[in-house]
Amino acid sequence: MRCCCGRYTEEALDASAKLLEINPEYYTAWNYRKLAVEHRVGESGSSPEYVKSIFDEELKVVENALRQNFKSYGAWYHRTWVLSKGHSSLDHELRLLDRFQKADPRNFHAWNYRRFVAALLGRSVEDELQYTEDLIGNNFSNYSAWHNRSMLLSEILKKKEQESSSQDVISKEYEFVLNALYTDPDDQSGWFYHLWLLDQTFKVKAPLLVSSWPVPGFDLVVSGNVSFADHPLSSFSEFTVALERFPVVLYFNQNVEGVNSSTVTIQSTFVQNEDVTWKPLSLQNSPASKVWVGYLDLSGVDHHSSAPYTVEIKLGHHQGIMSSNGLQLSIPFDLSFTVSVKPLETQSSKDEKVAWEEDKFCACETHLQVAIPCLCYDGITVDNKYEPTTSDWQIGTIAEEISQIRNLLAISDSKIGKITLARLLMAHDAMSSPYATKTVHAEEVLGLYSELMKLDPSHYQYYKDERSLVLLQQLLSSRETLLRYCFCYRGITSPSAYGPICLRLNNQSISRMGSFDKLLWVQLLDLSDNELHSIEGMEALQLLRCLNLGRNKLRSFTSLDPLRYLRSLKVLNISHNEIGLHSIDTTRYSCSASPLSHNGEIIWSDDVFPPEDADVTNYWEAFMVFKSLELTQLDIVGNAVTNEKFKSFLLKILPKLQFLDGQNLHQI
């Protein structure tokens, strides 16, 4: 297109225009025209009229290209570039956009360009809001107009200095969108805008600490290097550690960063604050996480003294802990608990495996009633002076919206209306406490999702997952409900009348896990006979020693990625799942444990290299999950991946394994 003497000829420009009219996605031609325009405009002696004619010509080329493909990225980018030079009529652009948007009102390129032109013209946000209102009035299904309205209102809300002014704006928008919802309850455009309004009404502001381990006021008993046979574990009062140190877990209501020895201070006679390293438990290897953990070293404690040691943890007193939206943890938290250390005992030589059969568990409510006060189930308080984060206006707004959606559903069986009602009801429960321990509407919400699973089978898994989260929140909402699922494990030889406490959430039809802030204390967890396809979030359970995931729907080893962070895990049952059954593992593209990803870092130690004779090439995902674990018992039978070759691989990467699929390896 460029002649040998370095000039841009009319013939070359005509050829590029014809080419772009046929194929507007030819980016090289657009870039050539930019260079040509800059060359022609830069020629000496160019008059303002000549310069304007050059840019007018470019606008015509773009207009012809858009007739060929109204959604051409290159054409819209070129038009924006031309207009930014300041030689074109802006009023003409708005008239042209009116024609284009009548032909295709949902073209997001045109809407992006309109916002650009409106900014150049200095049009007020109110004028643009009126424009979107006119378009929505003509067609409630104009999703792009709704979206543009949300962007315009975001600017208005940012400028409103007084909270009451923002509330007035949002209240009027609720009235506006409800008119659309009642007119056409099955159209999704208005519902998505309604959801955006709810986010503006109830979006989380400053981060909040919602759970911790140990819980405040806890009297903790720690002993090391003992087996189940040596010492029965009580999940509420004591636990064992293998490395003479135990975890402190901080669980926030949103992802935060900046948790370190400067923002979190620990005062105790046996540990120095600067010696505690805080790490985010994030599968994406991100510096921000909801869950942070630091380990307290017990090596300086007198193991022959029964005197308790007080540990005080303070956070929020200094700035530095910050959410992704830039807000600081502004409420200070003071956590205090005691630690008593039992003398270290030698590891038992007795080979005894954990069995998950029904007859190995028994109810022990009397024992639990004594121990249960150690589990704080009312959330963390701030010197008993906690101030609610929600206002009367927010509570009143959500109550009004619940009433409106109920009325709408009485005349229309709208699927998205049912989803919205379910979300509103759960939000209403959550607003009663930042720790969401009250589930007044849980039964109704469970019913709504059950209805949706039948009405909309194409989205069955989504509704199933949402229902599972609500069900777990209900099951773990109070001491009373928790007790129904706590059992003493009697499958080991023990001098105690009670064995370790196991939380049994088996056979609950759960497809997705949640409410991990209520499970930080768990050491034995039975999730067998469910429909789990993911265990995302389980990395928070730093005390977990025994886990039963048998007979679920786990499809791959990458779905087990959270296990990499559970350094206390000794017993694992993943038998009778779907691991190896599917030729394509879709989870590997979103999971950190991938050979092409740098996110598969083990946070507790240096990378563990596989034995030279281990077949890591064929079992890379399994190696990434198991390489940092010190499992003594593993059940994997019933998965497609299980064969003698894979079992041989496991024995090489798990040198401490004693039982594999129920077989005692020491007796082979």
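Not measured: the values here are computed from a predicted model. (Residues numbered from 1 in each chain as written. Predicted model: local features only at pLDDT ≥ 70, side-chain atom pairs only at ≥ 80, totals over all residues. Heavy atoms only, no water.)

(A) Quick look at the pattern of salt bridges. Under the defined criterion, the tally for this structure stands at 27 salt bridges. In this structure, Glu 133 engages Arg 149 in a salt bridge whose closest nitrogen and oxygen atoms are separated by 3.9 Å. Of this pair, Glu 133 sits in helix 7 (residues 125-138) while Arg 149 is found in helix 8 (residues 143-159), placing the two residues 16 residues apart along the sequence. A salt bridge links Lys 418 to Asp 413; the nearest nitrogen and oxygen atoms lie 3.0 Å apart. One connected set of salt bridges, linked through shared partners, spans Glu 10, Arg 33, Arg 40, Glu 57 and Glu 58. (Salt bridge = Lys/Arg side-chain N within 4 Å of Asp/Glu carboxyl O. Helix = DSSP H or I, 4+ residues; strand = E, 2+ residues; numbered from the N terminus.)

(B) Quick peek at the packing of helix 14 (residues 442-455) against helix 15 (residues 460-475). Helix 15 packs onto helix 14 with a crossing angle of 165° between their chain directions and a minimal axis gap of 9 Å. With respect to each other, helix 14 and helix 15 are oriented roughly antiparallel. Our pair here, helix 14 against helix 15, has a crossing hand that is left-handed. On the side of helix 14, the interface is formed by Ala 442, Glu 443, Val 445, Leu 446, Tyr 449, Ser 450, Leu 452 and Met 453, while helix 15 contributes Tyr 460, Tyr 463, Lys 464, Glu 466, Arg 467, Val 470, Leu 471 and Gln 474. (Axes fitted to C-alpha atoms, helices over the stretch in contact; angles between N-to-C directions. Parallel < 35°, antiparallel > 145°, perpendicular 65-115°, else oblique. Left-handed = near helix turned anticlockwise from the far one by under 90°. Contact = heavy atoms within 4.5 Å.)

(C) Summary view of unusual backbone geometry. Here Trp 213 and Pro 214 are connected by a cis peptide whose omega angle stands at -10°. On the secondary structure map, Pro 214 appears in the loop between strand 1 (209-213) and strand 2 (219-224). One non-glycine residue, Asn 507, lies in positive phi territory at about 60°. Here Asn 507 shows up in the loop between strand 13 (501-504) and strand 14 (524-526). The class of Asn 507 is exposed, set by a relative accessible area of 60%. Positioned with a positive phi, His 576 is a non-glycine residue whose angle comes to about 55°. (Buried < 20%, exposed > 50% of the residue type's maximum accessible area, 1.4 Å probe, protein only.)

(D) View of the sheet that holds strand 12 (residues 486-489). A sheet is described by the order of its strands in space; here 9 strands give the open sequence 11-12-13-14-15-16-17-18-19, paired in mixed fashion. Of all the strands in the sheet, just strand 11 (361-362) and strand 19 (663-664) have a single pairing partner and so form its edges. (Pairing = 2+ DSSP bridges.)

(E) The pairing of strand 10 (residues 333-341), seen in detail. Burial of strand 10 is extensive: 7 of the 9 residues sit out of reach of the surface. Direction of pairing for strand 8 (residues 309-315) relative to strand 10: antiparallel, over a ladder of 7 bridges. Bridge pairing links Leu 315 to Phe 333 in strand 10.

(F) Broad picture of the packing of helix 10 (residues 188-202) against helix 13 (residues 415-431). As a packed pair, helix 10 and helix 13 sit with axes 11 Å apart at the nearest point and diverge in direction by 10°. On the basis of their axis angle, the class for helix 10 and helix 13 is roughly parallel. Where helix 10 abuts helix 13, its residues Gln 188, Trp 191, His 194, Leu 195, Leu 198 and Phe 202 lie against Ile 416, Gly 417, Thr 420, Arg 423, Leu 424 and Met 431. Considered class by class, the residues forming the contact of helix 10 with helix 13 number 7 nonpolar, 4 polar and 1 charged. (Nonpolar A, V, L, I, M, F, W, Y, C, P; charged D, E, K, R; others polar.)

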